[in-house]
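# What the coordinates show
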Amino acid sequence: MSLRIAFQMDPMEGLNIAGDSTFALMLAAQARGYACFHYRAPDLTWEGDRLYTMATPVTVRREAGNHFTPGEPVLLDLGRDIDVVWMRQDPPFDLNYITATHLLERIQHETLVANDPASVRNAPEKLFVLDYARFMPPTMITRSLGAAREFLAQHSEIVLKPLHGNGGKAIFKIGSDGANLSSLLEVFNTAYVEPHMIQAFLPSVAAGDKRIVLVDGKIAGAVNRIPGKGEIRSNLAVGGTAAKTILTPRELDICAAMGPELKARGLIFVGIDVIGGEWLTEINVTSPTGIVAIDRFNGTNTAAMIWDAVERRLAH
């Protein structure tokens, strides 16, 4: 199958090709003979009933410092000229991101958009997960200092994080004495207009925070991310270490519970985070990562699984 793929993503120059999942998708697409184009969300233009963007054809290679060759920019009608649009820009999940989902939703009758833009819009990482609260640690979403203090009193140690953050940024542990809780909430309430997520601290995070990737609702693989010394954050982007892992019965139950819903929503590539083999903390649908590390440990080709799922959807 010969396809034309447009990647809506961050600048190519900034990719960390050693671990970037979008780059792995591009390499796998190119290996299948697909044509790849790159553009950024702000480049979208709607006129009449058409969605356009200036996009750059790209050829990619696994060569640090020389990982892509751009072609001459071209004007693309994303509904008529492209078979698949991949939304792969990193969060924050803000009005720019939401606007892009609304525009891309208007071409879905012509072009496959992955992940489904309406589903992405309606399933931000730390809110969609509330559908599976039975698998989650104690959780509160609030801007209230009083509510946060009561929550801390119940759970002794808590974690405060932005509701729409990514990559382990701005995550704070607060001890039983509540030191800095009021100051941190002041900072958060100034920096963010939305409420924030507060969860009971899970000491088992020291043994790792597992990233499990599901492709069209089926388990593709997992990697354990172990926090660095003196850290509670296990994200690879902030110094976590990847390790080979297997899934626990509880993790298999979590995946079985959400798999059919992910597929029904058109969420082809999803990464979920589970601490201690039992506590679900996030469902990542905007720009999930982890497939490079998973494939390195398991000898798999998750990018190929993702493209197989895309081709199956195009064939229907």
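A brief look at the structure comes next. Each chain has its residues counted from 1, running along the sequence as written. With the structure being a predicted model, the display of local features is reserved for residues of pLDDT at least 70 and the display and counting of side-chain atom pairs for 80 or more, all residues being used for whole-chain, interface and lining totals. With hydrogens and water stripped out, all remaining heavy atoms of the structure feed into the side-chain values.

A few words on the sheet that holds strand 15 (residues 241-243). As summarised here, the arrangement of the five strands in space is 15-14-13-16-17, forming an open sheet in which the pairing is antiparallel. At either end of the open sheet lies a strand with only one pairing partner, and these are strand 15 and strand 17 (279-284). Strand-to-strand twist in this sheet, taken as the mean axis angle between neighbours without regard to direction, amounts to 30°. Pairing analysis gives seven bridges linking strand 13 (residues 209-215) to strand 14 (residues 218-226), with the strands arranged antiparallel. For V213, the partnering residue across the bridge sits in strand 14 and is G221. Here, residues are in contact when the closest pair of their heavy atoms is within 4.5 Å. To get an axis, fit a line to the C-alpha atoms, keeping to the stretch in contact for a helix; angles then go from 0 to 180 degrees between the N-to-C directions. The helix count covers DSSP runs of H or I at least four residues long, the strand count covers runs of E at least two residues long, and both are numbered beginning at the N terminus. Packed onto the sheet, helix 7 (residues 249-264) meets strand 13, strand 14, strand 16 (269-275) and strand 17 and runs at close to 150° relative to strand 16. Where helix 9 (residues 302-315) meets the sheet, its contacts fall on strand 13, strand 14 and strand 16, and the angle it forms with strand 13 comes to roughly 35°. Being paired, for any two strands, means DSSP has found at least two bridges between them.

Moving on to the packing of helix 1 (residues 21-31) against helix 9. Where helix 1 contacts helix 9, the axes come no closer than 9 Å and their chain directions differ by 65°. With respect to helix 9, the element helix 1 is oriented roughly perpendicular. Helix 1 and helix 9 meet at a crossing whose hand is right-handed. Listed contacts from helix 9 to A24, L25, A28 and A29 of helix 1 are A303, I306 and W307. Here the term charged refers only to Asp, Glu, Lys and Arg, the term nonpolar to Ala, Val, Leu, Ile, Met, Phe, Trp, Tyr, Cys and Pro, and the term polar to all other amino acids, Gly among them. Per-class residue counts for the contact of helix 1 with helix 9 are seven nonpolar, no polar and no charged. Oblique is the label for any angle not under 35 degrees, not over 145, and not in the 65 to 115 range, which are roughly parallel, roughly antiparallel and roughly perpendicular in turn. Crossings are classed by handedness, with left-handed meaning an anticlockwise turn of the near helix from the far one by less than a right angle and right-handed meaning a clockwise turn.

So, about the pattern of salt bridges. Within this document, salt bridges are pairs made up of a side-chain nitrogen of Lys or Arg and a carboxyl oxygen of Asp or Glu, the two lying within 4 Å of each other. For the structure on display, the rule yields 15 salt bridges. A salt bridge links R121 to E105; its shortest N-O distance comes to 2.9 Å. Taken together, the residues R121 in helix 3 (residues 117-121) and E105 in helix 2 (residues 95-105) connect sequence positions 16 residues apart. The classification of residues rests on relative accessible area computed with a 1.4 Å probe and restricted to protein chains. Under 20% of the type maximum is buried, over 50% is exposed, and intermediate values are partly exposed. Look at R121 and you get buried, because its relative accessible area is 16%. According to the relative accessible area criterion, E105 is partly exposed, its value standing at 30%.

What follows concerns the nonpolar core. In plain words, nonpolar cores are sets of buried Ala, Val, Leu, Ile, Met, Phe, Trp, Tyr and Cys residues tied together by side-chain atoms within 4.5 Å. One finds L78, V85, L104, I272, L280 and I283 to be the most contacted residues of the largest nonpolar core, which totals 40 residues. Elements supplying a minimum of two residues to this core: strand 2 (35-39), strand 4 (50-60), strand 7 (84-87), helix 2, strand 13, helix 7, strand 16 and strand 17. Leaving out residues up to four positions away in the same chain, L78 has contacts with A6, Y39, L44, L51, T53, V85, L104, I107 and T111. Residues V60, V84, V215 and I291 belong to the second largest nonpolar core, which totals 38 residues.

Picture the strands of a sheet paired through backbone hydrogen bonds; they go either parallel or antiparallel. In spatial order, the strands read 9-12-10-11; together these four strands make up an open sheet with antiparallel pairing. A single partner strand is all that each edge strand has here, and the edge strands are strand 9 (139-142) and strand 11 (172-174). Each neighbouring strand pair of the sheet contributes to a mean axis angle of 25°, computed without reference to strand direction. In terms of strand pairing, strand 10 (residues 158-162) meets strand 12 (residues 196-200) through five bridges, oriented antiparallel.

With glycine set apart, most residues show a phi of negative sign, and most peptide bonds adopt trans. Across the junction of A114 and N115, the peptide omega takes the value -15°, indicating a cis bond. Considering the arrangement of structural elements, one finds N115 in the loop between strand 8 (112-114) and helix 3. A positive phi angle, near 50°, is found at D216, a position not held by glycine.

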